[in-house]
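Listed below, chain by chain, are the residues.
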Amino acid sequence: MNEQEIILDFVSQFLTKNQLPVHRFALPCEDAVRFDQGLRQDILRTEGLEDSVNRFLQELKPEKLYSVTDDYLCSYLGLRIPDSDELFLCGPFTCERMQGERLKQLMEDLKIPKELHDSFRDYYLDVAYVAVPLVLTSLFTLLAERLFGADQYELIETTFQELRQLPGLYDNYFRIEDKPFLSVQMIEARYQTEDELLSAVQKGNEKKALEIFTRQSSHIMPDRLNSRLRDQMDYCITLNTLLRKSAELAGVHPIHIDSLSNQNVKAIESLTSTEQCAAFRKECIQNYCRLVRRYTLGNYSALTQKVLTYISTDIDADLSLKSFSELLSVNASYLSTLFKKEVGVPLTEYVNRSRIRHAQGLLLSTDLPTKTIAQQCGIPDIYYFSRLFKRITGTTPKAYRESRNSNKYQDL
C-alpha cells in the first residue's frame, strides 16, 4: 500500500469510527442516487437524478477541495483522488441539529408538502450531526495538503445549484400532466377537507368527522415511497399527530392524549395491509372524538381542570377536598365552591360517581373479586363500597356483574 492509500485509509477509518458516512467511488457512479442517503430518490422522488448527480460529480476538478452545502442544510466534503477517476467524499452531515422549530422553519422555507414532514423528520434523525465542523474541515484540509501538496490546491465552497431545477422537486411533485391547475385544485380541496375534519374532531362531533372522512377518502393521495403499505402507514402516523393537536385544542389534558396516541403508534406498526390502514384511520377518528367528549376541559377554570385530571388518572388515590387543597395550595372552601359551580355537583359526589363508574367497567370486563375492585377504586371498605354502589346505580355489584350479558344496566 503506497503512501496515498495509507493516508486515504486512515482518514476513512477516522470518519467511520466517528459515524460519518464516507464514500470512495469511480465515475460515473452506478449508485449516484444514494449520495444523499435517499433524500431525493426515496422521499422527494426526484426524476432524472442519477444522470444529474453524475454530471455534477464529473465537473469536480482535480487539486480542489470541495465544501458543499445543499438546500436541505446537508453538507459534504470531497475531492478527486490524484491520478485517478475516483472521488473521496464525506457526507451528508449537518452542522446544526435539525429538529423542533429549526426543522419546521426549514420545511416552511423550502415549501415541503405537509405529507412529507414526517419523512423529513425521520431522515434528519439518521443524518450525522457534526458539533464542531471546523475539526472536520481541518482534517480534509490536511488530507488535501498531503495529496496535492501545501498551497497546491484550492478550497471551493459551493452548493448543489445544478440539482435545484430538476423536475419533480417541489412545485411539480403532485403535478398531473397537462393539468397543472387541476393539481392545485385537488391539493387545496384535500387540505380544506383536512381542516374540516380537525375542526369536527376538536368539537367531538363523531358523526360529522366520519362524514368528512368518507369524503376525504375520495381524494388522491400521492405515493411517496416504493411501498404502498408503508405510504399508508405513514399517512396513519400523520393523522394521529394532527388529531392529537385537535384534542389538545379542545382542552383535553395531555396525559389522556398521550395515552391514546401511544396506543395508536403501536397499532400502526402492526398493520399488514392497506385495508387495515383505512380501517385504522376511521377508528382513530372515532377514538379521538370520544376522547374529546369524555375529557374536554376547555370550559373549566385551570384549577378545576387539574382536579378533574387527577380524578380521572388516579381514581384510587386520596381524592378528598383536604388532599386537593393541600396539593394545589388553595383554600378548601374556595375550591369546594368553585368546583360545584363549574361542574354542577359537589367534589365528593363527583369523586364517588367516578369511582363507581370505574367499578362498573371492572365488574363487566374482569373476574376480579368485588373486594379487589373496591380497593382499585379507592374504597377499601367493601361494605361502604356496596352501599355506595347501590345508591348510585340502583343495584348491587353482584347483580350488576351478572347483567354483563343482558345490557340491563347502563353506564352512569
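This text follows the structure it describes.
Since the model is a prediction, treat every value here as computed from it, not as a measurement.

**A look at the side chain of S52**
Reasoning step 1: As for its placement among the helices and strands, S52 is situated in helix α3 (residues 49–58).
Reasoning step 2: There is a polar contact of 3.2 Å between the side chain of S52 and the side chain of R55.

**A closer look at the pairing of strand β3 (residues 75–80)**
Reasoning step 1: Burial analysis of β3 places six of its six residues in the buried class, which makes it a mostly covered element.
Reasoning step 2: Across the two faces of β3 the burial is the same, with S75, L77 and L79 and Y76, G78 and R80 all buried.
Reasoning step 3: With five bridges joining them, strand β2 (residues 64–69) and β3 adopt antiparallel strand pairing. For L65, the partnering residue across the bridge sits in β3 and is L79.
Reasoning step 4: The antiparallel hairpin formed by β2 and β3 contains five residues in its connecting segment, where L73 sits at a positive phi of about 65°.
Reasoning step 5: Here β3 runs beside strand β4 (residues 86–94); their pairing, made up of five bridges, is antiparallel. Of the residues in β4, the one forming a bridge with G78 is L89.
Reasoning step 6: Here β3 folds back onto β4, and the loop between the two strands holds five residues, one of which, D83, carries a positive phi near 60°.

**A closer look at the packing of helix α1 (residues 3–17) against helix α6 (residues 133–148)**
Reasoning step 1: Relative to each other, α1 and α6 sit at 170°, their axes nearing to 10 Å. In terms of their interaxial angle, α1 and α6 are classed as roughly antiparallel. Counting all contacts with α1, which are made through E3, Q4, I7, L8, V11, F14 and L15, the residues of α6 involved are L136, L139, F140, L143, R146 and L147.
Reasoning step 2: Residue composition of the contact of α1 with α6, grouped by class: ten nonpolar, one polar and two charged.

**Considerations on the pattern of salt bridges**
Reasoning step 1: Counted according to the given criterion, the structure contains 17 salt bridges.
Reasoning step 2: Between K64 and E154 there is a salt bridge whose closest N-O contact spans 2.8 Å. One end of the pair, K64, is in strand β2; the other, E154, is in strand β6 (residues 154–158), with 90 residues separating them in the sequence.
Reasoning step 3: You can call E154 partly exposed: its relative accessible area is 39%.

**Some words on the packing of aromatic side chains**
Reasoning step 1: According to the stated counting rule, one finds nine aromatic pairs in the structure shown.
Reasoning step 2: Centroid distance Y123 to Y124: 5.3 Å. Interplanar angle 80°. Geometry classified as edge-to-face. As far as the burial class goes, Y123 and Y124 line up, both buried.
Reasoning step 3: Considering the side-chain rings of F385 and F389, the 5.9 Å spacing of their centres and the 50° angle between planes classify their relative orientation as tilted. Linking F385 with F389, this pair stays in helix α17 (residues 382–393), spanning four residues, or about one helical turn. There is no split in this pair, since F385 and F389 are both buried.
Reasoning step 4: Here the aromatic cluster, defined as three or more aromatic residues joined through ring pairs, consists of Y72, F120, Y123 and Y124.

**Here we look at unusual backbone geometry**
What you tend to see is this: most non-glycine residues have negative phi, and most peptide bonds are trans.
Reasoning step 1: Note the cis peptide between L27 and P28, where omega equals -5°.
Reasoning step 2: Assignment of secondary structure puts P28 in the loop between β1 (22–26) and α2 (39–43).
Reasoning step 3: Positive phi is not limited to glycine here, since Q19 has a value of about 60°.
Reasoning step 4: By secondary structure assignment, the location of Q19 is in the loop between α1 and β1.
Reasoning step 5: Located in the positive-phi region is S329, a residue other than glycine, with phi close to 55°.
Reasoning step 6: Looking at where S329 falls in the secondary structure, it is placed in the loop between α13 (321–328) and α14 (332–343).

The rules behind the values
- Residues numbered from 1 in each chain as written.
- Predicted model: local features only at pLDDT ≥ 70, side-chain atom pairs only at ≥ 80, totals over all residues.
- Heavy atoms only, no water.
- Helix = DSSP H or I, 4+ residues; strand = E, 2+ residues; numbered from the N terminus.
- Polar contact = N/O pair within 3.5 Å; in protein donor to acceptor, adjacent residues only side chain to side chain.
- Buried < 20%, exposed > 50% of the residue type's maximum accessible area, 1.4 Å probe, protein only.
- Pairing = 2+ DSSP bridges.
- Axes fitted to C-alpha atoms, helices over the stretch in contact; angles between N-to-C directions.
- Parallel < 35°, antiparallel > 145°, perpendicular 65-115°, else oblique.
- Contact = heavy atoms within 4.5 Å.
- Nonpolar A, V, L, I, M, F, W, Y, C, P; charged D, E, K, R; others polar.
- Salt bridge = Lys/Arg side-chain N within 4 Å of Asp/Glu carboxyl O.
- Phe/Tyr/Trp six-rings, centres within 6.5 Å; stacked < 30°, edge-to-face > 60°.

Just geometry here; none of it tells us what the structure is for.
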